[in-house]
Amino acid sequence: MSGFLFDKIVFGPLQSRRLGTSLGVNLLPRSYKLCTFNCIYCECGWTYPEKQVITEFHSAENVRDALEAKLSSIQKNKEHLDVITFAGNGEPTLHPEFSKIIDFTIALRDKYYPSAKVSVLSNSSTLGNPEIAKALSKVDSAILKLDAGSERTYKLINKPLTDLSLKEITSILKKFPNNLIIQTIFLKGEIDGEKINNTTDSEVGEWLKLLEEIKPVKVMIYPIDRETPAKNISKISREKLNEIGEKVKKLNIDVLIVG
Ligand code: SF4
């Protein structure tokens, strides 16, 4: 399975499971995924370490032109828009001009769709870079990944390409400002000969402890939705997600259950 890759800089508006009517922005290469993680469920397919070189970023100018052209066009057509979302073929914060792109995106949003939000879906791995953290602090929703409460499960699910630990990610997330939304996928199965299940009471308990420390404004939880690069993983039931969601609510954290 090769996974799905976006071939445009700006795509949509599309109806998002989590965000409403969303205009997507892909800052990453068209022909391969660029990411610091290799998540077993990634809809873009596997991350190939040999391809993690900077060869074909869209320039900030091209991004601005594409975004302004699309916003102008959908405004003329009186189309509804809830959110401009940075997602696409990997980890958006890896773009070398990410900070500049966020600044002009906020300005374009203010010009064309002042009531829409600007959101970034990120895997949390680059927050140690102060420039990226500052850029993320400016958007309406920084939707940051936390798929596990234990180092073992984090490594099995997210397969980070660096030695960044869950402990390090958590300590950075704890300092993050008031626009932080945690996104967590729940799944079970087997990877590399090891059983994996981040929905067990002990795994969920560890994850809830991290949420208590991080104090996000909201948590989004969801199951796998499409074909995954890893073959032996399966979808979690809505009942199980509801059960986990109730535990999040007991921490007085808003929760959105999708799927
Ligand atoms: S962080 Fe996102 S883009 Fe990167 S491998 Fe995981 S799911 Fe895919």
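Higher on the page you've got the structure.
Residues numbered from 1 in each chain as written. Predicted model: local features only at pLDDT ≥ 70, side-chain atom pairs only at ≥ 80, totals over all residues.

**Focus on the nonpolar core**
Taken as a class, soluble globular proteins show a tendency for nonpolar side chains to be buried jointly.
Alright, step 1. If you look at the biggest cluster of nonpolar residues, it comprises 67 residues, and the most contacted ones within it are Val25, Val120, Ala142, Leu144, Ile157 and Ile182.
Alright, step 2. Of all the elements, strand 6 (residues 180–191) adds the most residues to this core, at 5 residues.
Alright, step 3. For Ile157, the residues in contact, after removing those within four places along its chain, are Cys39, Ile40, Asp147, Ala148, Ile196 and Asn198. (Core = buried A, V, L, I, M, F, W, Y, C linked by C-beta atoms within 7 Å. Buried ≥ 20, exposed ≤ 12 C-beta atoms within 10 Å, placed from the backbone. Helix = DSSP H or I, 4+ residues; strand = E, 2+ residues; numbered from the N terminus. Contact = placed C-beta atoms within 7 Å.)

**Examining the site of the ligand**
Alright, step 1. With respect to spatial proximity, the complete set of residues near the ligand consists of Cys35, Phe37, Asn38, Cys39, Cys42, Cys44, Thr47, Gly90, Glu91 and Asn123.
Alright, step 2. The class makeup of the residues in the shell around the ligand is 5 nonpolar, 4 polar and 1 charged. (Near = placed C-beta within 6 Å. Nonpolar A, V, L, I, M, F, W, Y, C, P; charged D, E, K, R; others polar.)

**A short note on helix 5 (residues 166–173)**
Alright, step 1. Within helix 5 the residues assigned to the buried category are Leu166, Ile169 and Leu173. In a view along the axis of helix 5, the buried residues occupy a sector of 60 degrees, so they form one face of it.
Alright, step 2. Buried residues belonging to helix 5 abut strand 5 (141–145), helix 4 (151–158), strand 6 and helix 6 (201–214). (Arc of directions from axis to C-beta.)

**Quick notes on the packing of helix 1 (residues 60–76) against helix 2 (residues 98–112)**
Alright, step 1. It is at 10 Å that the axes of helix 1 and helix 2 come closest, and there the two elements cross at 15 degrees. Classed by the angle they form, the pair helix 1 and helix 2 counts as roughly parallel. Crossing of helix 1 over helix 2 shows right-handed handedness. Facing Ala60, Val63, Arg64, Leu67, Glu68, Leu71, Ser72 and Gln75 of helix 1, the residues of helix 2 in contact are Lys100, Ile101, Phe104, Thr105, Leu108 and Tyr112.
Alright, step 2. Grouping the constituent residues of the contact of helix 1 with helix 2 by class yields 8 nonpolar, 3 polar and 3 charged. (Axes fitted to C-alpha atoms, helices over the stretch in contact; angles between N-to-C directions. Parallel < 35°, antiparallel > 145°, perpendicular 65-115°, else oblique. Left-handed = near helix turned anticlockwise from the far one by under 90°.)

**Observations concerning the pairing of strand 8 (residues 218–223)**
Alright, step 1. By the bridge criterion, 6 bridges tie strand 6 to strand 8 in an arrangement that is parallel. Bridge pairing in strand 8 places Gln183 opposite Met220. (Pairing = 2+ DSSP bridges.)

**Points about the packing of helix 2 against helix 3 (residues 130–138)**
Alright, step 1. Viewed as axis vectors pointing N to C, helix 2 and helix 3 meet at an angle of 15 degrees, and their least axial separation amounts to 9 Å. As summarised for this structure, helix 2 and helix 3 are arranged roughly parallel, according to the angle between their axes. In this structure, helix 2 crosses over helix 3, and the sense of that crossing is left-handed. Here helix 2 contributes Phe98, Ser99, Ile102 and Ile106 to the contact with helix 3, which in turn contributes Glu131, Ile132, Lys134, Ala135 and Lys138.
Alright, step 2. For the contact of helix 2 with helix 3, the per-class residue count stands at 5 nonpolar, 1 polar and 3 charged.

**A word on unusual backbone geometry**
Alright, step 1. A cis amide bond, omega 5 degrees, links Gly12 with the succeeding residue Pro13.
Alright, step 2. Tracing the sequence through the fold places Pro13 in strand 1 (residues 10–16).
Alright, step 3. Of note, Lys159 is a non-glycine position whose phi angle comes to about 45 degrees, a positive value.
Alright, step 4. For Lys159, the location among the structural elements is in the loop between helix 4 and helix 5.
Alright, step 5. Of the residues examined, Lys159 has 17 C-beta atoms within 10 Å and is grouped as partly exposed.

Interpretation note: all reported values are geometric properties and have no functional meaning in isolation.
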